[in-house]
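Now for the letters of each chain:
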Amino acid sequence: MKVPQALAVVAAVSCTAVPVAAQSVSVLESSVLVGPSSYDLSGTGTTFAVAGQVAYSPVRALYVEGGITYFEYTTQGNRRDRFAFPEISIQGAIPLGPVSPYVGAGAGFTIAHVLLTLHAAGGIRVRAGSPWGMRGELRVRAVDPWGASTADFMFGASRRF
């Protein structure tokens, strides 16, 4: 084989996309989570919280997640107060077949009170059959760092797209 022919073969092979085991397809996942949220805001206690989240996974062990958590509670002044926490986080996962434990951190704010929030999260994603799954998560949040806090124990369903 002459040099120009060899270069043509190398160029053709180099331009051919061949999937390998280390590569994974990008995935979008939406989740709805509910559960108790322990809070220390203007008063302390536990209330019910609900969260909606969308995660993008550019590679198998990494998630970039945006979401919003909402809850209401009674203040020390016996007034109902509402909090919505839009947040973004980065999560690293350990894929173990259908189970993926993860940890992550991120930031956000509160809508009604315009306060900065920081959070750390840990949880588990379980694929229960394509495209459905389940999630469990503990998210600890500093509100108006470090003046107040919440701890959300959330469980729910997820769907991959």
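Above this text you will find the structure in question.
Calculation criteria
Residues numbered from 1 in each chain as written. Predicted model: local features only at pLDDT ≥ 70, side-chain atom pairs only at ≥ 80, totals over all residues. Heavy atoms only, no water. Helix = DSSP H or I, 4+ residues; strand = E, 2+ residues; numbered from the N terminus. Buried < 20%, exposed > 50% of the residue type's maximum accessible area, 1.4 Å probe, protein only. Contact = heavy atoms within 4.5 Å. Polar contact = N/O pair within 3.5 Å; in protein donor to acceptor, adjacent residues only side chain to side chain. Salt bridge = Lys/Arg side-chain N within 4 Å of Asp/Glu carboxyl O. Pairing = 2+ DSSP bridges. Axes fitted to C-alpha atoms, helices over the stretch in contact; angles between N-to-C directions.

Undergrad: Explain the overall build of the protein to me, please; I cannot follow it from the model alone.
TA: Looking only at helices and strands, one finds 1 helix and 8 strands in the protein. Reading the helices (α) and strands (β) of the protein from amino to carboxyl end gives α-β-β-β-β-β-β-β-β. Across the 161 residues that make up the protein, the buried fraction comes to 34%. Taking as baseline every contact in the protein between residues at least 6 positions apart, the subset at least 24 positions apart corresponds to 48%.

Undergrad: Explanation requested: the side chain of Gln53 in the structure shown.
TA: The topology assignment puts Gln53 in strand β2 (residues 43-59). On the basis of relative accessible area, Gln53 is assigned to the buried category, the value being 4%. Reaching out from Gln53, the side chain makes a polar contact with the side chain of Arg135 at a distance of 2.9 Å. Leave out the neighbours within four places in its chain, and Gln53 touches Glu29, Ser30, Ser31, Leu33, Glu65, Gly66, Gly67, Arg135, Glu137 and Arg139.

Undergrad: When you look at the pattern of salt bridges in this model, what are you seeing that I'm missing?
TA: Working definition: two side chains of opposite charge can pair if their charged atoms are close together. In total, this model carries 12 salt bridges according to the counting rule given. Between Glu29 and Arg160 there is a salt bridge whose closest N-O contact spans 3.7 Å. Linking Glu29 in strand β1 (residues 27-41) with Arg160 in strand β8 (residues 148-160), this pair joins segments that are 131 residues apart in sequence. A salt bridge links Glu72 to Arg80; the shortest N-O distance between them is 3.3 Å.

Undergrad: What am I meant to see in unusual backbone geometry here?
TA: In terms of backbone geometry, most residues other than glycine have negative phi values and most peptide bonds are trans. At the junction of Ser130 and Pro131, the peptide bond is cis and its omega measures out at 0° in the coordinates. Checked against the element boundaries, Pro131 lands in the loop between β6 (116-129) and β7 (132-143). With an omega dihedral of 0°, the bond running from Pro145 to Trp146 counts as a cis peptide bond. Here Trp146 is to be found in the loop between β7 and β8. The phi torsion at Asn78 lies on the positive side, around 60°, for a residue other than glycine. Structurally, the position occupied by Asn78 is in the loop between β3 (62-74) and β4 (80-93).

Undergrad: Is there a simple way to think about the environment of Phe83 in this case?
TA: For Phe83, the location among the structural elements is in strand β4. Note: C-alpha distance between Phe83 and Thr69 (14 residues apart in sequence) is 8.0 Å. Beyond its immediate chain neighbours, meaning those up to four positions away, Phe83 contacts Leu41, Thr69, Tyr70, Phe71, Tyr73, Thr110 and His113.

Undergrad: Mind showing me how you'd approach the sheet that holds β4 here?
TA: In a beta sheet, neighbouring strands are held together by backbone hydrogen bonds and run either parallel or antiparallel to one another. In space, the 8 strands of this closed barrel follow the order β1-β2-β3-β4-β5-β6-β7-β8, with antiparallel pairing throughout. For this sheet, the mean inter-axis angle between neighbouring strands, taken without regard to orientation, is 25°. Pairing analysis gives 7 bridges linking β4 to strand β5 (residues 99-109), with the strands arranged antiparallel. Within β5, the position partnered with Gly92 by the bridge is Val103.

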